[in-house]
Amino acid sequence: MTQFKPVHVIGGGLAGSEAAWQIAEAGVPVVLSEMRPHRMTDAHKTHGLAELVCSNSFRSDAWETNAVGLLHAEMRRMGSLILAAGDLHKLPAGGALAVDRDGFSGEVTERLAAHPLVTIKRGEVAGLPPADWDSVIVATGPLTSPALSEAVRALTGEGELAFFDAIAPVVHLDSIDESIAWRQSRYDKAGPGGTGADYLNCPMSKDEYEAFVDALLAGEKTSFKEWEASTPYFDGCLPVEVMAERGRDTLRFGPMKPVGLTDPRTGRRPYAVVQLRQDNAHGTLWNMVGFQTKLKHAEQVSVFRMIPGLGEAEFARLGGLHRNTFLNSPKLIDGVLRLKAEPRLRFAGQITGVEGYVESAAIGLLAGRFAAAERKGEALRTPPATTALGALVAHITGGHLLDEGTGSSSGSFQPMNINYGLLPPLEEDAPLAGEDGRRLKGKERGAEKKRVMSRRALRDLDGWIAEHAHPTSSSMTGLDPAIQGQAR
């Protein structure tokens, strides 16, 4: 048997554990370094691998109509350890996949420890890994150790990695009422690569603006965790409600200023305006400009649907403000998750700019596959962008609009959960009629569109798997037969 040098994985969370499993299952030895229990974080309580520190839910498991459920299905097809362990330790949760946290972590730890090609080392990797580690996956998550964060910052030339990450909501284009919102840039300026109609504008009268400010001020806010309290705001990212607290007209002279805009319905400038900017290359997602917020999620939905044109808004991502550590991946990471400045380093998990346990594990899965293929001298391309897995990679490596002058991300890159807006639109509209011939409208049409996209995703992934399949090792035996079939 060919003897391969080991691949090193730093971080024993969901992404690192999944990456290590995929490497070993491909027949390549792997060394998994986890700093706990020698160095604990502010959030972890145990030294188990894949410890869930925030929630025990992997969210919806409905693969036909929910994007995270589709990601579950794809990962099961790829032999995911995280999904296999989740299925073995699932708890009743309706249509969601919730797991027993201790049982789940124990299962992942036990299976990795028992794998003949996996070596688990406890202790912190301080700074960049040794030079003789020629293939490394960094999967250290949002609580990356200060020494490693500083080393990555110095290597990439990027600014601070740890800050209060202020995220504005993102809305699905097809849920915006364009009979109210209109397309126009301020003063009709086109700008580089623009048309002069690059923003969607939602107008407000004085009464609507005053009611909106009242709702912002009254809305229930998220309080900071103790370990976040000393982390400063990122420059220029004040929450929208904090701006409102500074004076009732602050927003109207800030992100909601109406200058240079004319409402075509009235022929006049509105009292205030909320602008949305295209957020992804497909044009299916639009970002609420300047609307980073601490409002709780339920409050955001009710308050932001007060905005004319967003009364039926569907949110691909709601706003948030929390400590985070992530790379400007569109600028720094290539299509197979290698750091452009030092290709021996790959990154996986939340540090790449995905949000959520499942998404982090999915990027770990792909990073592991890429590293194993590279070690074996095999070519491995990214899954098609029509799949949930491929769409996540496209999002973090090139799914954002680029500045034509510099070729880098325009600055709107933010962590994102998987959602259908990240997948390419269908070549044709979703079917207009159901199986009974009845014309589909509204939510029924939207649900059928998701089903078509999900079926396309699994069909395209199956083709990709057939091209890049590696034998699944005997260490997968012992799973429930139904789960084992899903995983494979």
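Structure shown above.
1. Points about the overall build of the protein chain
Thought 1: Helices and strands together make up the secondary structure of the protein chain, namely 13 helices and 17 strands.
Thought 2: Within the protein chain, buried positions represent 55% of all 488 residues.
Thought 3: For the protein chain, the exposed area adds up to about 20,700 Å²; of that, 51% sits on carbon and sulfur atoms.

2. Quick look at the packing of helix 1 (residues 14–25) against helix 4 (residues 101–114)
Thought 1: In contact at an axis separation of 11 Å, helix 1 and helix 4 are set at 35 degrees when each is read in the N-to-C sense. Here helix 1 and helix 4 pass one another in a crossing that is left-handed. Listed contacts from helix 4 to Leu14, Ser17, Ala20 and Trp21 of helix 1 are Phe104, Val108, Arg111 and Leu112.
Thought 2: Across the contact of helix 1 with helix 4, the residue classes tally to six nonpolar, one polar and one charged.

3. With respect to the sheet that holds strand 13 (residues 285–288)
Thought 1: Taken in spatial order, the six strands make up an open sheet running 10-11-12-13-9-14, and their pairing is antiparallel. Here the strands that pair on one side only, and so sit at the sheet edges, are strand 10 (182–183) and strand 14 (315–317).
Thought 2: As paired strands, strand 10 and strand 11 (residues 199–204) are joined by two bridges and run antiparallel to one another. Within strand 11, the position partnered with tryptophan 182 by the bridge is asparagine 201.
Thought 3: Contacts between helix 6 (residues 206–218) and the sheet are confined to strand 11 and strand 12 (272–278), with strand 11 contributing the most and set at about 95 degrees to the helix.

4. Points about the packing of aromatic side chains
Thought 1: The tally for this structure, following the rule as stated, stands at six aromatic pairs.
Thought 2: Geometrically, the ring pair formed by tyrosine 209 and tyrosine 271 is edge-to-face, given 5.7 Å between the ring centres and 65 degrees between the ring planes. Of this pair, tyrosine 209 sits in helix 6 while tyrosine 271 is found in the loop between helix 7 (240–245) and strand 12, placing the two residues 62 residues apart along the sequence.
Thought 3: Looking at tyrosine 209, the relative accessible area reads 0%, which means it is buried.
Thought 4: The exposure class assigned to tyrosine 271 is partly exposed, which follows from its relative accessible area of 23%.
Thought 5: The interplanar angle of 75 degrees and the centroid separation of 5.6 Å between the aromatic rings of phenylalanine 291 and phenylalanine 304 together place this pair among those described as edge-to-face. Taken together, the residues phenylalanine 291 in the loop between strand 13 and helix 8 (297–304) and phenylalanine 304 in helix 8 connect sequence positions 13 residues apart.
Thought 6: Residue phenylalanine 291 is classed as buried on the basis of its relative accessible area, which comes to 0%.
Thought 7: Residue phenylalanine 304 is classed as buried on the basis of its relative accessible area of 0%.

5. Here we look at the packing of helix 1 against helix 10 (residues 357–375)
Thought 1: Interhelical geometry of helix 1 versus helix 10 gives an angle of 30 degrees and a closest axis separation of 7 Å. Taken as axis vectors, helix 1 and helix 10 run roughly parallel relative to one another. The way helix 1 lies across helix 10 gives a crossing that is right-handed. Mapping the contact onto sequence places Leu14, Ala15, Glu18, Ala19, Gln22 and Ile23 in helix 1 and Tyr357, Ser360, Ala361, Gly364, Leu365, Gly368, Arg369, Ala371 and Ala372 in helix 10.

6. Let's talk about the sheet that holds strand 17 (residues 342–347)
Thought 1: Strand order in the open sheet made by the six strands is 6-2-1-7-17-16, with mixed pairing throughout. Unpaired on one side and paired on the other, strand 6 (118–122) and strand 16 (338–339) mark the two borders of the sheet.
Thought 2: Here strand 1 (residues 7–10) runs beside strand 2 (residues 30–34); their pairing, made up of four bridges, is parallel. If you follow valine 7 over to strand 2, its bridge partner there is valine 30.
Thought 3: Along the sheet face, helix 5 (residues 146–156) touches strand 1, strand 7 (136–138), strand 16 and strand 17 and points at about 135 degrees away from the line of strand 17.

7. A word on the nonpolar core
Thought 1: Formed by 90 residues in total, the largest nonpolar core has its most connected members in Phe104 and Ile418.
Thought 2: Ranked by the residues each element gives to this core, the list is headed by helix 10, at 12 residues.
Thought 3: Setting aside residues up to four positions removed in sequence, phenylalanine 104 forms contacts with Leu14, Ala50, Leu52, Phe58, Ile82, Ala85, Gly86, His89 and Val99.

8. So, the pattern of salt bridges
Thought 1: For the structure on display, the rule yields 26 salt bridges.
Thought 2: Across the pair aspartate 174 and lysine 449 runs a salt bridge whose closest N-O atoms are separated by 3.8 Å. Taken together, the residues span a long stretch of sequence, with aspartate 174 in the loop between strand 9 (170–172) and strand 10 and lysine 449 in helix 12 (residues 442–468) at a distance of 275 residues.
Thought 3: Given the relative accessible area of 31%, lysine 449 is considered partly exposed.
Thought 4: We note a salt bridge from aspartate 460 to arginine 459, for which the minimum N-O separation is 3.9 Å.
Thought 5: Taking the relative accessible area as the measure of exposure, aspartate 460 reaches 24% and is therefore partly exposed.
Thought 6: In this structure arginine 459 comes out as exposed when scored by relative accessible area, which is 54%.

9. Here we look at unusual backbone geometry
Thought 1: Its identity is not glycine, yet tyrosine 187 carries a phi of approximately 60 degrees, on the positive side.
Thought 2: Following the sequence through the fold, tyrosine 187 ends up in the loop between strand 10 and strand 11.
Thought 3: A positive phi angle, close to 60 degrees, is found at aspartate 188, a residue other than glycine.
Thought 4: Note that aspartate 188 resides in the loop between strand 10 and strand 11.

10. As for helix 4
Thought 1: In this model helix 4 runs 20 Å from its N-terminal to its C-terminal C-alpha over 14 residues, within 8% of the 20 Å that 1.5 Å per residue would give.
Thought 2: By the burial criterion, the buried members of helix 4 are Gly103, Phe104, Ser105, Glu107, Val108, Arg111 and Leu112.

11. Observations concerning helix 3 (residues 81–88)
Thought 1: Across the eight residues that make up helix 3, a large majority, seven, are buried.
Thought 2: Listed as buried for helix 3 are Leu81, Ile82, Leu83, Ala84, Ala85, Gly86 and Asp87.
Thought 3: The distance from a side-chain oxygen at the start of helix 3 to the backbone nitrogen of isoleucine 82 is 3.2 Å, and the residue carrying that oxygen is serine 80.

Definitions and limits used
- Residues numbered from 1 in each chain as written.
- Predicted model: local features only at pLDDT ≥ 70, side-chain atom pairs only at ≥ 80, totals over all residues.
- Heavy atoms only, no water.
- Helix = DSSP H or I, 4+ residues; strand = E, 2+ residues; numbered from the N terminus.
- Buried < 20%, exposed > 50% of the residue type's maximum accessible area, 1.4 Å probe, protein only.
- Areas by Shrake-Rupley, 256 points an atom, 1.4 Å probe, with all protein chains shown as cover.
- Axes fitted to C-alpha atoms, helices over the stretch in contact; angles between N-to-C directions.
- Left-handed = near helix turned anticlockwise from the far one by under 90°.
- Contact = heavy atoms within 4.5 Å.
- Nonpolar A, V, L, I, M, F, W, Y, C, P; charged D, E, K, R; others polar.
- Pairing = 2+ DSSP bridges.
- Phe/Tyr/Trp six-rings, centres within 6.5 Å; stacked < 30°, edge-to-face > 60°.
- Parallel < 35°, antiparallel > 145°, perpendicular 65-115°, else oblique.
- Core = buried A, V, L, I, M, F, W, Y, C linked by side-chain atoms within 4.5 Å.
- Salt bridge = Lys/Arg side-chain N within 4 Å of Asp/Glu carboxyl O.
- Expected span 1.5 Å × (residues − 1).
- Polar contact = N/O pair within 3.5 Å; in protein donor to acceptor, adjacent residues only side chain to side chain.

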